[in-house]
Every structure is written in structure tokens, then in C-alpha cells.
Amino acid sequence: MSLRYCEVALPVPLRSTFSYAVPEPRGGEPLVGRRVVVPFGRRAMVGIVLAESDHAPEVQGVKPLREVLDRLPALPPQLLELGQWISRYYLAPIGETFRAMLPPEIELREDRTYTLTDSGREDFRELAEIAGAESAEFALLKYFDRKGSSTSARLRRRPGGEALAEKLVRRGYLVVSEALHFRKTRTQKIVAWRGDAFESARGEAEGRIREALTAERGPLPLPVLLDDVQVSRSAIHRLEKAGLLQIWEEPITPGADPWEIDFVPPANVLNAEQKAALEDIGCRMVAGGFSTALLHGVTGSGKTEVYLGAIEMAVSRGRTAIVLVPEIALTLWVGRLVRARFGDRVAVLHSGLADVERARGWWRVRRGEASIVVGTRSAVFAPLEKLGLIVVDEEQESSYKQEEVPRYNGRDTAVYRARLEGAVALLGSATPSLESFHNARAGKYRLLALRSRVQNRPLAEVRIIDLRAEFRQHHRTAPISESLRAAIALRLEERTQAMVLINRRGYSWSLLCRSCGAIVECQNCSIALTYHKSRQRLECHYCGFALPPPKQCPKCRAPYMYFVGDGAERVDEYLRGEFPHARVARLDRDTVRTKRAYQQVLGAFSKGEVDILVGTQMVAKGHDFSRVTLVGVVSADLALGRPDFRAAERTFQLLTQVAGRAGRGELAGEVLVETYYPDHYAIQYAAQQDYLSFYEKEAQFRRALHYPPFAALATVLVCDPQVENAIRWSRSLAACFGPFEKQGLKVLGPAAAPLARLRREYRFQFLLKAPRRAVLGKALAAAMDFSAAKEIPATAVIVDVDPASLV
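Within every chain, residues take consecutive numbers counted from 1 along the sequence as written. Whole-chain, interface and lining totals are the exception, using all residues; otherwise, since this is a predicted model, local features are given only for residues with pLDDT of at least 70 and side-chain atom pairs are given and counted only at 80 or more. Only hydrogens and water are removed before side-chain values are computed, so all heavy atoms of the structure are retained for them.

1. Some words on the overall build of the chain
Item 1. Of regular secondary structure, the chain possesses 24 helices and 33 strands.
Item 2. Relative to the compact-globule value of 28 Å for 807 residues, the chain shows a C-alpha radius of gyration of 30 Å, a close match.
Item 3. Projecting the C-alpha coordinates of the chain onto the three principal axes gives extents of approximately 85 × 80 × 65 Å.
Item 4. Summary of the burial criterion: residues with accessible area below 20% of their type's maximum are buried, those above 50% are exposed, and those between are partly exposed, where the area comes from a 1.4 Å probe applied to protein chains only. Each of the 807 residues in the chain was classed as buried or not, and the buried ones make up 50%. Counting from the N terminus, the helices are DSSP H or I runs at least four residues long and the strands are E runs at least two residues long. Only C-alpha atoms enter the radius of gyration; for comparison, a globular chain is expected to reach 2.2 Å times N to the power 0.38, where N is the number of residues.

2. Looking at the side chain of T292
Item 1. Among the secondary structure elements, T292 is positioned in strand β12 (residues 291-297).
Item 2. By relative accessible area, which is 4% here, T292 ends up buried.
Item 3. Contacts between residues were defined by any pair of non-hydrogen atoms, one from each residue, lying within 4.5 Å. Setting aside residues up to four positions removed in sequence, T292 forms contacts with V415, A425, L427, K444, Y445 and R446.

3. Brief notes about the state of the cysteines
Item 1. Any two cysteine sulfur atoms lying within 2.5 Å of each other are counted as a disulfide. Per the stated rule, a full pass over the model turns up zero disulfides.
Item 2. C719 carries a free sulfur, and the closest cysteine sulfur to it, the one in C525, is 12 Å from it.
Item 3. Judged by relative accessible area, which is 3%, C719 ranks as buried.

4. With respect to the sheet that holds strand β14 (residues 346-349)
One key point about sheets: their strands pair by backbone hydrogen bonds, in either a parallel or an antiparallel sense.
Item 1. The strand order across the open sheet formed by seven strands is β14-β15-β13-β16-β17-β12-β18, and the pairing between neighbours is parallel. Of all the strands in the sheet, just β14 and β18 (446-450) have a single pairing partner and so form its edges. On average, each strand axis in the sheet is inclined to that of its neighbour by 15°, with strand direction left out of account.
Item 2. Paired strands, as defined in this entry, are two strands with at least two bridges between them according to DSSP. As paired elements, β12 and β18 share five bridges and run parallel to each other. Paired with L294 across the two strands is L447, which belongs to β18.
Item 3. Inter-axis angles, ranging from 0 to 180 degrees, are taken between N-to-C directions of lines fitted to C-alpha atoms, where helices are fitted over the stretch in contact. Here helix α15 (residues 434-441) sits on the sheet in contact with β12, β17 (424-429) and β18, set at roughly 115° to β12.

5. Here we look at unusual backbone geometry
Item 1. The peptide bond linking V405 to P406 adopts the cis configuration, its omega dihedral lying at -5°.
Item 2. Structurally, the position occupied by P406 is in the loop between β16 (387-393) and α14 (410-421).
Item 3. Here the amide bond leading from P708 into P709 is cis, since omega sits at 10°, within 30 degrees of zero.
Item 4. Tracing the sequence through the fold places P709 in the loop between α22 (691-705) and β30 (712-720).
Item 5. We note that R495 has phi near 60°; this positive angle belongs to a residue other than glycine.
Item 6. As for its placement among the helices and strands, R495 is situated in the loop between α17 (482-494) and β20 (497-501).
Item 7. Even without being glycine, Q689 reaches a positive phi, approximately 50°.
Item 8. Note on placement: Q689 falls in the loop between α21 (681-688) and α22.

6. Overview of the packing of aromatic side chains
Two measures describe an aromatic ring pair: the distance that separates the ring centres and the angle between the ring planes.
Item 1. Between 30 and 60 degrees the pair is tilted, below 30 it is stacked and above 60 it is edge-to-face, where a pair is any two Phe, Tyr or Trp rings, Trp via its six-membered ring, whose centres lie within 6.5 Å. The final tally for this structure, using the stated rule, is 19 aromatic pairs.
Item 2. On the numbers, 5.0 Å between centres and 75° between planes, the contact of W362 with W363 is edge-to-face.
Item 3. A relative accessible area of 14% means that W363 is categorised as buried.
Item 4. Pairwise contacts between aromatic rings join F437, F652, Y681, Y691, F694, Y695 and F701 into one cluster.
Item 5. Cation over ring: R757 sits above Y762, and NZ or CZ is 5.3 Å from the ring centre. By definition here, charges over rings are those cases where NZ of Lys or CZ of Arg is within 6 Å of the ring centre and within 35 degrees of the ring normal.

7. Notes on the nonpolar core
Item 1. We define a nonpolar core as any set of buried Ala, Val, Leu, Ile, Met, Phe, Trp, Tyr and Cys residues linked to one another through side-chain atoms lying within 4.5 Å. Counting residues in hydrophobic clusters, the biggest one holds 113 residues, and the most contacted among them are F98, L613, V716, F737, L745, L768 and L780.
Item 2. Not counting chain neighbours up to four residues away, the residues in contact with F737 comprise V716, L745, V747, F766, L768, A779 and A783.
Item 3. Counting 30 residues, the second-largest nonpolar core is a separate cluster that includes A277, I281, A321 and V346.

8. A few points about a positive patch on the surface
Item 1. Among the surface-exposed residues, K142, R146, K147, R154 and R157 lie close enough to one another that they form a single positively charged patch.
Item 2. Tracing the chain through its elements places R154 in helix α5 (residues 152-155).
Item 3. Look at R154 and you get partly exposed, because its relative accessible area is 45%. Patch definition: residues above 30% relative accessible area lacking any salt bridge, with like charges linked at up to 9 Å and the nonpolar side chains Val, Leu, Ile, Met, Phe, Trp and Tyr linked at up to 5 Å. Areas reported as accessible are Shrake-Rupley estimates using a 1.4 Å probe. Residue values count occlusion only from the protein chains shown. One side-chain nitrogen of Lys or Arg within 4 Å of one carboxyl oxygen of Asp or Glu is enough to make a salt bridge. Positive charges come from Lys and Arg alone, negative charges from Asp and Glu alone, with His and the N- and C-terminal ends not counted. For charged residues, the charge sits on one atom: NZ in Lys, CZ in Arg, CG in Asp, CD in Glu.

9. Considerations on the pairing of strand β2 (residues 18-22)
Item 1. Of all the five residues making up β2, four are buried; the element is thus mostly covered by neighbouring parts of the structure.
Item 2. In this structure, strand β1 (residues 4-9) lies alongside β2, joined through five bridges in antiparallel fashion. Looking at the pairing, C6 lines up with Y20 of β2.

10. Here we look at the environment of H541
Item 1. Tracing the sequence through the fold places H541 in the loop between β23 (537-539) and β24 (546-547).
Item 2. For H541, a relative accessible area of 35% puts it in the partly exposed group.
Item 3. Taking the C-alpha atoms as reference points, H541 and Y307, 234 residues apart in sequence, are found 35 Å from one another.
Item 4. Apart from residues no more than four positions distant in its own chain, H541 is found in contact with R505, T530 and H532.
Item 5. Here a polar contact means two N or O atoms within 3.5 Å. Within protein one must be a hydrogen donor candidate and the other an acceptor candidate, and residues neighboring in sequence count only if both atoms are side-chain atoms. One polar contact links H541 to H532, side chain to side chain, over a distance of 2.8 Å.

11. What to know about the environment of G660
Item 1. The residue G660 is located in the loop between α20 (647-659) and β29 (670-675) in this model.
Item 2. Looking at G660, the relative accessible area reads 0%, which means it is buried.
Item 3. Not counting residues within four places of it along the chain, the set of residues in contact with G660 comprises T299 and R453.

12. Overview of the pattern of salt bridges
Any two side chains of opposite charge can pair, on the condition that their charged atoms come close.
Item 1. Applying the stated criterion across every chain, the model contains 37 salt bridges.
Item 2. For the salt bridge of R341 with E305, the shortest nitrogen-to-oxygen distance reads 3.5 Å. With R341 in helix α12 (residues 328-342) and E305 in helix α11 (residues 303-316), this pair connects stretches of sequence that are 36 residues apart.
Item 3. Measuring nitrogen to oxygen at the nearest pair gives 2.8 Å for the salt bridge that ties E573 to K533. Within this pair, whereas E573 is found in helix α18 (residues 568-578), its partner K533 is found in the loop between β22 (530-532) and β23, the two being separated by 40 residues in sequence.
Item 4. K533 sits in the partly exposed class, given a relative accessible area of 34%.
Item 5. Three or more residues are tied together by salt bridges with common partners; here these are E435, R646, E649, E698 and R702.

13. As for the confidence of the model for the chain
Item 1. pLDDT measures how confident the predictor is about each residue, on a scale from 0 to 100. Mean pLDDT over the chain stands at 86; residues scoring 70 or higher make up 91%.
Item 2. Taken together, the stretch residues 258-262 has pLDDT below 50 and engages in eight contacts with residues farther than four places along the chain or on a different chain.

14. Here we look at the sheet that holds β29
Item 1. Sheet architecture is open: six strands sit in the order β19-β29-β28-β20-β27-β26, paired in parallel fashion. Each of the sheet's edge strands pairs with one partner strand only, and the pair in question is β19 (461-466) and β26 (584-587). Across this sheet, the average inter-strand angle for adjacent strands is 20°, counted without regard to direction.
Item 2. Packing of α18 onto the sheet brings it into contact with β20, β26 and β27 (612-615), and relative to β26 it is tilted by some 175°.
Item 3. Across the sheet, α20 touches β19, β20, β28 (628-633) and β29, and the angle it forms with β28 is around 160°.

The structure is reproduced here in C-alpha cells:
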């Protein structure tokens, strides 16, 4: 048998695959789509096989692969093709692209082994001859002289052991190697009753055990049984020896979510518009083949019911479905609705799950045990086969765009996957992105409209609060306006609920010196630190740097430090002070860091146990609370000052979405929008909830300034810890882009990025606009080839195709 070879994509920042030989025992197995362990330099890595061949590669010294991890190919052929498209379109390293598509590697653990070198042994002997040599380095070298080598796990047991070992590696005293080992699966003992259920009990303990395992709950994990019936392990062992109990080992699986239990979904009757939309979607499924529809419905119009009906159509035809939502938080609500309708056929996938839970859910989907997946953008890679429907809820959200490699857009990737699978892509929103609405108007997408709320409920009345007039009237400032304060007081009297949105975390935006005007900035990023009063810290929300608030200005030493701007924490504190008898809760990343905490806050609000809910944009979309009659938007114009062509669009979308949280039940709703720019078209059209007028106005600016959807757009960031390198490489790339300007490419830059320094790296940015996507693609590919030829580090040039933001 001739030797076979395979091409493996590895998670490294390189744009190529790597060739490996297939050992003879594996010679007859198909390997494409399966994960393998291969040697790479001095370490072992997990990659995925993309191709096989009988022809030897041109490179010399091809190494054999070590292990095949999967019996079933991890990725089916359509997902392999999708990954290669993402790599090409977004110019992402192919191995890092597939890493984003694959499940967590829970089967393996990585160990680092440190070994003493000859140089290290000589240094230890020299130190040993010095009387009283008791340094930490000497102690560690002495340990290695005795042991020879040690793993990172063992070194962690010594104070500062791993950090000191890395220091000795840099000096050449130790050498490090990395290896992958199979991790043991955690198991638990399951106990079942195997005796006669009707036999009289021989004792009280036996009776309680038999009752728990037969009449009440069936087989139980041993720790749960011991806790429930309050018996000793010896009683269990005695019954097992007597043949009355059967005990076996099972892998530990995540417990059921308490929120999923006994949930009864709302019973909704479809109106004429919903039925028409579903009929259109059903016709597309019957016709077969790929199509995309944009479901444009006002807030509260029942888009979710249309999604559920479309899923039911797909499942009834033997197809599978994916539902994408923009936030992990929304998977809880949407997941409950879908599970209530379709039961155990539903899997929830998102990055907030523990690795074990996410991997088991992923493989459950791959084995065909689940036919419907609900999740965030990464769920677009769910390994479903016979895919019939992909729903993208709130398709306009920027969170569908990944901000690290691979920088794909989950919405656009969903449309391309639907094309590969011959499925229907259903995009839904009350405020569609300009790109999607433009595609619908141009005929690329089918436009389905829901113009009225369910049961013909009226839209909430929106009132704009001019903060300039408020200040002229009251001559004072507060975290919220007097009008909003009075409206909240009225709702408390009426015993209804209010939501207050302020899209700023923390207590204050920044700390300012009133003497010299300096702002306390992050030492790693060119951004002001945010003050968090509960932690008494100034924090950077980009890199995590933190310090206590200084009493004096770090620059001029003046004692006149002043906190500027109000965040969610300050508004929360103010409302508690103004309404001491009200029940106030806050929902942002500072108060809810886990799924359970998020459930507790929203669960309390939905049950009426909270009167006022303060939050960031986490409260703005997707939630349905029937007793909310007031929504207040604090500092509604925050986003308008951002140096981003999407600033007006983002403001309009956020205000329209949050306005839709009010008046969703039988009670009428009101929305108060605070702003210093009451005449801005984004705020005016959001108050009127007039999407079409906003689209026409914004499209005029986009067309005149050559921004999407009327041009293809990309940014190229050049970054390095040394500013001289970043400047030099930027100038070189500018010359590379020059020839493409004759083909219509517009090059803006290089210039300092809006965030000029991030995580200790200086950043310079190009903004590229092209009338045709082919021109943009050629220019970006040429820039990547140029960077490789000039030996500019791959990590120093960051290409973002179709950026969601320029900041």
C-alpha cells in the first residue's frame, strides 16, 4: 500500500495548511473533516484534515500524524467549504478559522515540561559553592538538579514556581516542551433499584432508598441519593451486595436549567400579517433551494411567533434549523420558547457555556440527537445536516461581528451557509441594517412586513426631553431629568414597572483634574479610566487595568479631582435615594457576570418583584414584560459623538428597540428620551418610530460619502508596541495600495486610529472604500502578500472586511 498524506489546518496565524503522513494503521480510513493531533515544532497541536492525497508533498521531512481524535468527522463537507470561504473572504488564517468552528477540546489537556539544561546545572553548581546561597532561583535550580524535569502543574504548587521557571527559560537554564495528554472523563455513580418493588422493606433506610428509586424519581446519582434520603454509603453498599441495587458509572453531564422547568409559553393567535409571512416562507421551503427573506416588523409585532412557525415547517419536512440571537442573555428567553415548543430536540450553543457543556451540546448536534440549535453568532457553525432554515434575530446588531480572528459577520455567514445548504435564511428586525434593507429593495432579499403590533396594541408614545431647556428651567443637573423622575414617581403610584436605559457602565465616565485639565488614562490604552464606586477602582474596559482613584492629579499634583459623567451605577444609586421604598435592580456586566445572576434579575422583574430596572443595552432588545409602562433613555445621544459612519444608525436602532419594551401588554406605554440634540434626525425618527424616513435620510449621506451599502469597505490596522515600527510599516503599505486607486479604490490614511493605543500597542489605520468588492479583495490580498514579502509580522497587520465599527 502506498503511503498517504493529508493537509491539516492548524490554529496558527499563517495562511497555509501543513502536510503530514498518515501512518499505515490509518491508511484506509477517510480522515477529511476529522480532528488530529500532529507534531508542530517542539509541541503537539490539534488540527483538522482538509484534504488527503497519495502524492508526496514537495517539502522534505514530512512527519506522521500522532492521533485521530474523532470516529465521526467533526465537520461535514458543507462546513469545510464554509470555513474555506470565511478564510478567503475575511482574509483570516485558515487554521484559526477552523478553530472557531470546532468544539472545545475537552478530551485533551496541555502540559508544559521544564527540563534543566547543562548551562543551568553549571550555574547551580557555582551557586552551591557560595556559602549561604538561599535565593529563590537557587532553590528552584536545586529542585531541578534533583528531579531533572518537572511539569507546570507541579511547579504551580511552589510559590511563584511557574513564573520563576519561565524566567530561567529566558536565561537558558531550563528548556520547555509542550505535550498533549488525553484527559480522563469525569464520571459519577448511578444507583438504580433492581429488587422487587412490592417486597416489604427490611428496614427504615432500605424503605426510603426503595421509595426514592422506584415510586419517586428513578435511577439517581449516588451523591444526590445520599443527600435526598439521608443514609450512609455503607447502607448503599450493603444493599448492592444483597443484589437489591445496581450501580454503574456515567459521565457527569450538566444539570437542567431551573428556568426551563415547568415553563408554559404564551398562547398567541397569529394575525393576518403573521400568517402571510409564514405562508411566504413555507412556499420557499416547498420550492426548495436557497433564498433569503427580511422580516421587517415593528417592535411587539410577533416576529418570534413567525420564527417558531417557520421552524415547525422545516422540522415537518425532515429538515433542521438554526436560530441566531445577538446576545448570550437572549438565548435564555428564546431557548425557553423553542424548547417549550420542540422539547429535547433543541440544543443551546454559545461561548458563555462551560467547555464541557458546550462540547457535549455540540457533539449531541453532530450525532443528530438535536435538530434545532439556538445560540449566538458561533452557533452558525452548528454541525447540523439537512439544514432547512437559519433565523437571524435582530440581524442589525453589531455583536454578530466577531472582533478577533476570524473577523466574520454571523449574519452574512448565515446567508452564505444557507446558500451552500440550499436553505432559507430568515433575517428579522424592527430596525434592519441599511445593508439588509438595501438588499431587500434591490430584490436580493424578499421583504416581509409586520406593520402592526399583536392584538393591534398601540406603539408606545415617545416624548423627547430637551436637556438644554431642563437646565434653563431648573438650573441644576442630576443623573436623570426632572421629567423622567416625575414619570417614574407616577408609575410607582400606579404600581406598574419602569425601565431606565443608560448605555454607560460604571459610576462616572472619567476622573478629571480641574487645575490642568488632565484626565486619568489607562497606562496601556489611550482611553480614560471608568470609575466604579462599588469597587473603589478606576478601570479600563479594554485591557482590565485598574487603580484606586488618586487624591491628587498624577500630572500637576493639584488636589482638585472631579468625576465627569454618570453611568448606570450612578443612576442606580440616585434612584434608590429618590425612591427609598421602591425596589430597584441593575442589569449590566458589573452586576450580572453569570447566567444564573442574569436569570435572577430578569426573573424577579418579570414576576413584579422589582419596580425599576436600570441597565445598559442588555435591557434594550428581545425582552417582553407586560407591566412595563415607562421606558426612560438617559443620555440618548451618547453614540452620536463617536467617529463612526454608523453612529446615527446605532442611535436610531437603540432608541427604537428600547422604546419597544414599553406597552407590550394591556397597559399603554410611554417612552422618555433625554437628549441635548433633540432636532437630530436619528432621534426625531426614532421618536416617531419611522424606519423608512430614517433609511431615506441616512442613505443620502452614505451614497454621497461612499459608505455601505453603496461601497465595499474594509479597515487595515497596523500595530506594534514600538511606534516607529507601526509608522514604518504603515508607510510601506500605503505605497502598496497606490496602484489600486486607478481601479476606483479610495484609500484614507494611514492615520492614528481613533483608539490610538490599545493593550500597549500603537495603532495606525487605513480605511479602504471600493465601488466593487472584487477591487477591494484584490487590494487586501496584495497587502497581505506584500506584508509577508517584507517580513512584517502577521499579527501586526489586522484586516477587517465589512467592519461593524471604525472605532
